[in-house]
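Spelled out from the first residue to the last, the chains are:
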There are 2 protein chains.
Amino acid sequence: MNSMTSDIGRLYLGIDGGGSKCRALLADAEGRTMASVTAGPANPFQDRAQALASIEAASLGALQQAGLGAADLARVVAGVGLAGVNIPSVFAAVNAWAHPFAELHLTTDIHIACLGAHRGEDGAVIVAGTGSVGYVCVNGRSHNYGAHGFPFGDKASGAWLGLEAIKAALLHLDQLGPATTLLASIENALDASGLELVSAMAGRSSRDYGALAPLVLSCAEAGDPVATAIIEEAAAYLNALARRLLSHGVSRFALLGGLGPKLAPWLAGDVQAALITAQGQPDEGALRFARSRHGTRVAALG
Amino acid sequence: MNSMTSDIGRLYLGIDGGGSKCRALLADAEGRTMASVTAGPANPFQDRAQALASIEAASLGALQQAGLGAADLARVVAGVGLAGVNIPSVFAAVNAWAHPFAELHLTTDIHIACLGAHRGEDGAVIVAGTGSVGYVCVNGRSHNYGAHGFPFGDKASGAWLGLEAIKAALLHLDQLGPATTLLASIENALDASGLELVSAMAGRSSRDYGALAPLVLSCAEAGDPVATAIIEEAAAYLNALARRLLSHGVSRFALLGGLGPKLAPWLAGDVQAALITAQGQPDEGALRFARSRHGTRVAALG
């Protein structure tokens, strides 16, 4: 029995892939962290070829950082958590990938975020980044909310905040909605004025809309009533989402994603009381997932 | 002086181009209608090459219906009203077209709709179709509202109604919003259930969203509170838009587009009181525009 078939030479890789980047965390059979790298976007719902390329790039980068090479991919048990695979057809397509690993165990980005945040214990997480999603895992059963994508889903996400801000700015421009400092802020950010905003944003991706989210927060923090109403609608959705997660019988949730810390102060008191700081990152959750599924049959989404 | 340079053999063509189709109305120098045809989509903001191809196809079709041929394009003074050319860069791009006509006079779709609806007199129009726009022309000056496009503009349009309906259906699906008959109606229309709605609508165009608008109206008419709230939000926007148009000093407006007749009963009393039936179609307005601009310098948008 050589190291290629025993667990002595086994490598564990946790992959956390989303719409803006892909993180890879490599550990040895004894659980020692060997490398941590970041590569490009890995949301197979948006672009499957790019997602698989980013996962492969992150994996090779991690091996290289650990002083290993492409041949060592065959020693790797990968736990891969990706945005977009909550859609069954997307999950099936990625699961059918002729991947270079010894094993690939696929799950959602939110599952690995929850495993990371609660160190594998029961709990819930909400992610508010470019997109938004809620997830709860209790007694081995999980439930997913949101994550339906731009432009109809992901309320309270960065993309949703940016889209609502553009809508409000254009209503102000037409004098068909209240005046808002969002108009000048967005004109300044996009280096476009008045109707030029339309061509500046036409056909843009959720990430481009999400890039406007900090403006909405700063306008709201400065007291703009229109921006405040947008943030309050986002907070109301997050309150409802958190209460729905907690109704499954867990007592705590973590609020993750780039917008999490910014939106937390806007949440209702009872929701803030259940909010905890994540105890670990999603890539650590992915690594935990790789270890726990090692040697098991590759599963369907469930 | 032959017929090619005198006005005796002159032909006038009115083109009404939008996101779903392009209509062409051909008349002779004496104003007699010679042909009327419909061709494919002609919104140069969505697809410029397709728009120019549709205009050319409609023009050739009209000549053919009148017993003429491609050589007669050189006798044609075209008045062309298009969706999308309210954006200055789109207007400039279409205006730079090496068109096959003797003259091409370009303006917005809403301008020709207003010229048609009010037979060239001062007045206002609102179009609620796949998109939405408001326009008023008074004493030779015009003002435009809306028409900013999907997904951030065109409130109260078919695309907007469809987008709001999908959002509401997904909130119901997650039990994060009120139950609504929109969910089952949309599932039925798209032959998709639950989360499959997400992949069914991902990346879809404004026309695909607009195709769901009749469902929203029928659910509202049947008393569904969520669909009713969407229609009422649309009506509130159209009320504000109509009042803004009337504030420019005209006393009447026409409500055009496929959704116009369906949304009219939802408008406020004072707004309904100013509503008139259009006295002519947009292609007639385009023909009127061709005649009035014949021999004038091709103008910039203004």
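Residues numbered from 1 in each chain as written. Chains lettered and ligands numbered in written order. Predicted model: local features only at pLDDT ≥ 70, side-chain atom pairs only at ≥ 80, totals over all residues. Heavy atoms only, no water.

K.L.:
Quick rundown of the sheet that holds strand 8 (residues 141-146) of chain B? Include the residues and the values.
P.N.:
In a beta sheet, neighbouring strands are held together by backbone hydrogen bonds and run either parallel or antiparallel to one another. All names here are of chain B. Taken in spatial order, the five strands make up an open sheet running 8-7-6-9-10, and their pairing is mixed. Strand pairing shows two members of the sheet lacking a second neighbour, strand 8 and strand 10 (275-276), which therefore form its edges. Inspection of the sheet shows strand 7 (residues 132-138) paired to strand 8 by six bridges, in the antiparallel sense. Paired with valine 136 across the two strands is histidine 143, which belongs to strand 8. (Pairing = 2+ DSSP bridges. Helix = DSSP H or I, 4+ residues; strand = E, 2+ residues; numbered from the N terminus.)

K.L.:
I'd like a description of the interface of chain A and chain B, backed by residues and values.
P.N.:
How big an interface is tends to be stated in terms of the accessible area lost upon association of its parts. Listed as interface residues are 30 residues of chain A and, on the opposing side, 30 residues of chain B. Overall, the association of chain A and chain B removes approximately 2700 Å² of surface from exposure, summing both partners, and the carbon and sulfur fraction of that is 70%. The largest share of the area that chain A buries against chain B comes from A:His148, A:Phe152 and A:Leu176, three residues that together contribute 26% of it. Seen at the junction of chain A and chain B, the total is zero salt bridges. Inspection of the chain A/chain B interface yields six residue pairs in polar contact (both at pLDDT 80 or more). Those elements that place two or more of their residues in the side of chain A that touches chain B are strand 8 (141-146), helix 4 (158-173), helix 6 (196-201) and helix 9 (225-246) of chain A. (Contact = heavy atoms within 4.5 Å. Buried area = accessible area lost by both parts, 1.4 Å probe. Salt bridge = Lys/Arg side-chain N within 4 Å of Asp/Glu carboxyl O. Polar contact = N/O pair within 3.5 Å; in protein donor to acceptor, adjacent residues only side chain to side chain.)

K.L.:
Requested: an account of the side chain of B:Ser157, with residues and values cited.
P.N.:
Residue position: B:Ser157 is located in the loop between strand 8 and helix 4 (158-173). Discounting residues that sit within four places of it in the chain, B:Ser157 has contacts with B:Gly129, B:Thr130, B:Gly131, B:Ser132 and B:Leu259.

K.L.:
Would you mind going over the domain arrangement of chain A in detail, with residue names and values included?
P.N.:
Residues and elements named next belong to chain A. Segmenting chain A into domains produces domain 1 (11-119 + 280-293) and domain 2 (158-276). Between the C-alpha centres of domain 1 and domain 2 there is a distance of 30 Å. Facing seven residues of domain 1, the contacting portion of domain 2 comprises seven residues. Summing both sides of the interface, domain 1 and domain 2 together bury roughly 460 Å²; the carbon and sulfur share of this comes to 56%. In this assembly, domain 1 and domain 2 are joined by zero residue pairs in polar contact (both at pLDDT 80 or more). Counted by class, the side of domain 1 that touches domain 2 contains three nonpolar, four polar and no charged residues. (Domains from an automatic or database assignment. Nonpolar A, V, L, I, M, F, W, Y, C, P; charged D, E, K, R; others polar.)

K.L.:
Help me get a handle on the packing of helix 4 of chain B against helix 5 (residues 181-190) of chain B, residues and values and all.
P.N.:
Residue and element names in this part refer to chain B. Interaxial distance between helix 4 and helix 5 falls to 8 Å at its minimum, and their mutual angle equals 110°. When the axis of helix 4 is compared with that of helix 5, the two are roughly perpendicular. Note that helix 4 runs across helix 5; the crossing there is left-handed. Here helix 4 contributes Ala165, Ile166, Ala168, Ala169, His172 and Leu173 to the contact with helix 5, which in turn contributes Leu182, Leu183 and Ile186. When grouped by side-chain class, the residues that make up the contact of helix 4 with helix 5 number eight nonpolar, one polar and no charged. (Axes fitted to C-alpha atoms, helices over the stretch in contact; angles between N-to-C directions. Parallel < 35°, antiparallel > 145°, perpendicular 65-115°, else oblique. Left-handed = near helix turned anticlockwise from the far one by under 90°.)

K.L.:
Give a description of unusual backbone geometry that names residues and reports values.
P.N.:
Across the junction of A:Phe150 and A:Pro151, the peptide omega takes the value 5°, indicating a cis bond. Even without being glycine, B:Gln175 reaches a positive phi, approximately 55°. Tracing the backbone through its elements, the reader meets B:Gln175 in the loop between helix 4 and helix 5.

K.L.:
Go over the pairing of strand 2 (residues 22-28) of chain B with me, naming the residues and quoting the values.
P.N.:
All names here are of chain B. Buried residues dominate strand 2, accounting for six of its seven residues. Pairing between strand 1 (residues 11-17) and strand 2: seven bridges, direction antiparallel. From the neighbouring strand, glycine 14 faces strand 2, where its bridge partner is leucine 25. The antiparallel pairing of strand 1 with strand 2 creates a hairpin that spans four residues between the two strands. Alignment of strand 2 against strand 3 (residues 33-39), held across six bridges, turns out to be antiparallel. Residue pairing in the sheet places alanine 24 in a bridge with valine 37 of strand 3. (Buried < 20%, exposed > 50% of the residue type's maximum accessible area, 1.4 Å probe, protein only.)

K.L.:
How would you explain the UniProt feature "domain: ATPase BadF/BadG/BcrA/BcrD type" (unreviewed entry) in chain A if you had to name every residue and give the values?
P.N.:
Taking the UniProt record as the reference, the feature "domain: ATPase BadF/BadG/BcrA/BcrD type" (unreviewed entry) is found at residues 13-257 of chain A. Helix makes up 42% of residues 13-257 of chain A and strand 22%, and the two end C-alpha atoms of the span are 22 Å apart. (UniProt positions renumbered as here; feature names shortened; annotations may be inferred.)

K.L.:
Kindly report on helix 3 (residues 109-117) of chain B, identifying the contributing residues and their values.
P.N.:
Helical periodicity: at 3.6 residues per turn, an α-helix aligns residues three or four positions apart in one direction. With eight of nine residues buried, helix 3 of chain B is to be regarded as a mostly interior element. Along helix 3 of chain B, the residues that are buried comprise B:Ile110, B:His111, B:Ile112, B:Ala113, B:Cys114, B:Leu115, B:Gly116 and B:Ala117.

K.L.:
Provide a residue-level description of the pattern of salt bridges, including the pertinent values.
P.N.:
All names here are of chain A. Taken as a whole, this structure holds 16 salt bridges over all chains when the rule is applied. Across the salt bridge formed by arginine 75 and aspartate 72, the nearest N and O atoms sit 2.9 Å from each other. By relative accessible area, arginine 75 is classed as buried at 17%. Residue aspartate 72 is classed as buried on the basis of its relative accessible area of 15%. A salt bridge links arginine 204 to aspartate 208; the shortest N-O distance between them is 3.6 Å. Overall, arginine 204 belongs to the partly exposed group, its relative accessible area being 38%. On the accessibility criterion, aspartate 208 (28% relative accessible area) is partly exposed. Several salt bridges converge on common partners, so that one network encompasses Asp28, Glu30 and Arg32.

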